[in-house]
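Structure at a glance
Chain by chain, the residues:
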Amino acid sequence: MLRIHFTGEDLRKVTVADGVDPLWEVLLSLHAMQERGADSLAFAEWRRRLRIPAARSTSVRLLTELARPWGYSPDFLTPGRAEEGFEAGLDRVLSTPRARLRTEFSNLAEESPPTAWTRALGDGEPAALRRLGEALRTYHRLALAPYAGAIRAQTEADRARRAQALLGGGVDRLLAELHPRAEWQAPVLQLPVYADQDIHLGGRGLVLVPSYFCRIQPITLLDTDLPPVLVYPLSPRLAGRLTPDFSGLGDEAYAGEDAARAVPVVALLGRTRATVLEACAVEGTTTDLARRVGVAAPVVSRQTSVLRDAGLVASERYGGSVRHRITPLGIALLNGALPG
């Protein structure tokens with residue numbers, strides 16, 4: 001059981017981050033990539049797209065030595081709380097003091113046999129750290145950068161939901177509704193986790209960071225002396241399937257899409273229409289879809305009309321707006337699973 005102990009000062013300092021933290025998403029998506037259990041449609045589709053480029057990438061294989069799907073992952077990999085971008089966070093990772101590296105890689109060795117590379121990292125060898133930086137950049141470009149817009153849209157919706165909880169019931173309601181597994185019994189927030197842990201905030205406050213790739217329940221750092229952060233999963237109602245945008249990312253990022261059989265769908269529907277279809281995996285209004293896809297609302301209206309006539313999208317009017325959602329036939333088409 002994880003128990004987070006609040007003082008009155010801590011309750012005044014509870015904040016919700018503006019968005020996801022890039023390095024937390026790197027770590028947690030590495031976990032999700034390796035997990036072979038039951039998935040949401042979102043994870044299954046994202047993993048399908050990533051499968052071939054990940055298999056070809058030495059960088060991804062190296063990172064899985066640090067981030068196994070379960071158990072301990074070194075805290076130094078996630079130094080931020082969504083207050084900085086990827087490059088700034090990466091600079092902090094690569095500037096980790098050697099004493100801390102030794103401690104955290106000693107913790108890792110208790111659960112996973114060390115490799116030549118993890119030993120070198122634990123010793124703070126410059127060449128190993130440079131290789132880590134290259135691996136993190138490559139993985140971020142392949143696995144996360146194409147989905148930044150879709151993740152941002154979903155985290156904005158989550159942040160609005162948290163704001164409603166705060167305005168309607170204060171910090172008590174915000175913490176009580178943080179996650180179905182969270183139990184708020186003031187002044188302690190309890191979460192069932194795999195190790196017994198107490199965190200006494202001691203006036204430092206707590207930053208709540210949303211995450212698309214966080215699975216099952218909120219998580220935090222093992223080292224209780226580090227700035228307190230609690231990373232929580234987006235609500236299942238909000239965390240729909242990700243729509244990639246490969247524009248400006250180069251051929252390497254798109255190679256996985258080609259290999260994953262999405263190119264035939266693009267060839268069949270056209271790039272804009274295929275992207276609108278993917279965006280409908282998260283039900284939304286025409287305006288919502290336009291924001292996710294990055295095109296004008298009239299363009300979305302034309303494309304959803306064609307997709308609806310083909311049975312790939314269903315649309316319903318609510319008040320003054322129309323909401324669109326993908327149909328089972330549309331999902332099968334995107335997954336390459338249409339019946340013969």
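Scroll up to find the structure.
The following refers to the structure shown. Everything numeric here is computed off the predicted structure, so don't read it as measured data.

**Here's the deal with the environment of Leu206**
Considering the arrangement of structural elements, one finds Leu206 in strand S6 (residues 206–211). Linking Leu206 and Val14, residues 192 residues apart in sequence, is a C-alpha distance of 4.9 Å.

**Looking at the packing of helix H13 (residues 286–293) against helix H14 (residues 297–309)**
Relative orientation of the contacting elements H13 and H14 amounts to 105°, with a least axis distance of 8 Å. On the basis of their axis angle, the class for H13 and H14 is roughly perpendicular. Only Ala297, Val300, Ser301 and Thr304 of H14 make contact with H13, whose side of the interface consists of Thr286, Leu289 and Ala290. For the contact of H13 with H14, the per-class residue count stands at four nonpolar, three polar and no charged.

**Focus on unusual backbone geometry**
That bond from Ala186 to Pro187 is cis: its omega, 10°, falls within 30 degrees of zero. Tracing the chain through its elements places Pro187 in the loop between strand S3 (183–185) and strand S4 (188–191). A positive phi angle, near 70°, is found at Ala82, a position not held by glycine. Summarising the element assignment, Ala82 is placed in the loop between helix H4 (58–64) and helix H5 (86–94). Phi at Ile216 is positive, roughly 70°, even though this residue is not glycine. As for its position among the elements, Ile216 is in the loop between S6 and strand S7 (229–233). On the accessibility criterion, Ile216 (39% relative accessible area) is partly exposed.

**Observations regarding the environment of Ala148**
Examined against the element boundaries, Ala148 turns out to sit in helix H9 (residues 148–176). As a C-alpha pair, Ala148 and Val20 span 128 residues in sequence and 9.7 Å in three-dimensional space.

**Focus on the pattern of salt bridges**
Applying the stated criterion across every chain, the model contains 14 salt bridges. Note that Asp18 and Arg159 form a salt bridge whose closest N and O atoms lie 3.2 Å from each other. Placement of Asp18 in the loop between strand S2 (14–16) and helix H2 (22–34) and of Arg159 in helix H9 is noted, with a sequence separation of 141 residues between them. The exposure class assigned to Asp18 is exposed, which follows from its relative accessible area of 60%. As a salt-bridge pair, Arg325 and Glu316 come within 2.8 Å of each other at their nearest N and O atoms. Overlapping salt bridges bring together Arg3, Asp196 and Asp198 as one network.

**Things to note about the sheet that holds S2**
If you trace the three strands from one edge of the open sheet to the other, you get S2-S6-S7, paired in parallel fashion. Among the strands making up the open sheet, the edge pair consists of S2 and S7. Strand-to-strand, the axes of this sheet are offset by a mean angle of 25°, without reference to chain direction. Taken together, the five bridges between S6 and S7 define a ladder with parallel strand orientation. Looking at the pairing, Pro210 lines up with Tyr232 of S7. Packing against the sheet, H9 makes contact with S2, S6 and S7, and its axis sits at approximately 160° to S2.

**Observations concerning the pairing of S4**
Across the two faces of S4 the burial is the same, with Val188 and Gln190 and Leu189 and Leu191 all buried. For strand S1 (residues 2–5) and S4, the ladder comprises four bridges, and the chain directions are antiparallel. In the strand pairing of S4, Ile4 is matched with Leu189. Where S3 lies against S4, three bridges are found, and the strand directions are antiparallel. Bridged to Gln185 within S4 is Val188. Two successive antiparallel strands, S3 and S4, enclose a turn made up of two residues.

**So, the packing of H2 against helix H8 (residues 126–144)**
Two numbers describe how H2 lies on H8: the axes approach to 11 Å, and their chain directions differ by 70°. Classified by the angle between their axes, H2 and H8 sit roughly perpendicular to one another. For the pair H2 and H8, contact is made by Pro22, Glu25, Val26, Ser29, Leu30 and Met33 and by Leu136, Tyr139, His140 and Leu144, respectively. Broken down by class, the residue content of the contact of H2 with H8 amounts to seven nonpolar, two polar and one charged.

**So, the packing of aromatic side chains**
Evaluation of the coordinates by the stated rule reveals four aromatic pairs. Summarising the aromatic geometry, the rings of Phe6 and Trp184 are spaced 5.3 Å apart at their centres and angled 85° between planes, so their arrangement reads as edge-to-face. Taken together, the residues span a long stretch of sequence, with Phe6 in the loop between S1 and helix H1 (8–12) and Trp184 in strand S3 at a distance of 178 residues. As far as burial versus exposure is concerned, Phe6 and Trp184 are alike and both buried. Arranged with centres 5.8 Å apart and planes meeting at 50°, the rings of Phe76 and Phe105 form a pair that is tilted. Residue Phe76 is found in the loop between H4 and H5, and its partner Phe105 is found in helix H6 (residues 98–109); the two are separated by 29 residues along the sequence. With respect to burial, Phe76 and Phe105 carry one shared label: buried. Pairwise contacts between aromatic rings join Trp46, Tyr212 and Phe213 into one cluster. Its guanidinium or amino end placed over the ring of Trp70, Arg215 lies 4.6 Å from that ring's centre, counting from NZ or CZ.

Rules behind the numbers
Residues numbered from 1 in each chain as written. Predicted model: local features only at pLDDT ≥ 70, side-chain atom pairs only at ≥ 80, totals over all residues. Heavy atoms only, no water. Helix = DSSP H or I, 4+ residues; strand = E, 2+ residues; numbered from the N terminus. Axes fitted to C-alpha atoms, helices over the stretch in contact; angles between N-to-C directions. Parallel < 35°, antiparallel > 145°, perpendicular 65-115°, else oblique. Contact = heavy atoms within 4.5 Å. Nonpolar A, V, L, I, M, F, W, Y, C, P; charged D, E, K, R; others polar. Buried < 20%, exposed > 50% of the residue type's maximum accessible area, 1.4 Å probe, protein only. Salt bridge = Lys/Arg side-chain N within 4 Å of Asp/Glu carboxyl O. Pairing = 2+ DSSP bridges. Phe/Tyr/Trp six-rings, centres within 6.5 Å; stacked < 30°, edge-to-face > 60°. Lys NZ or Arg CZ within 6 Å of the ring centre and 35° of its normal.

On their own, these measurements won't tell you what the molecule is for.
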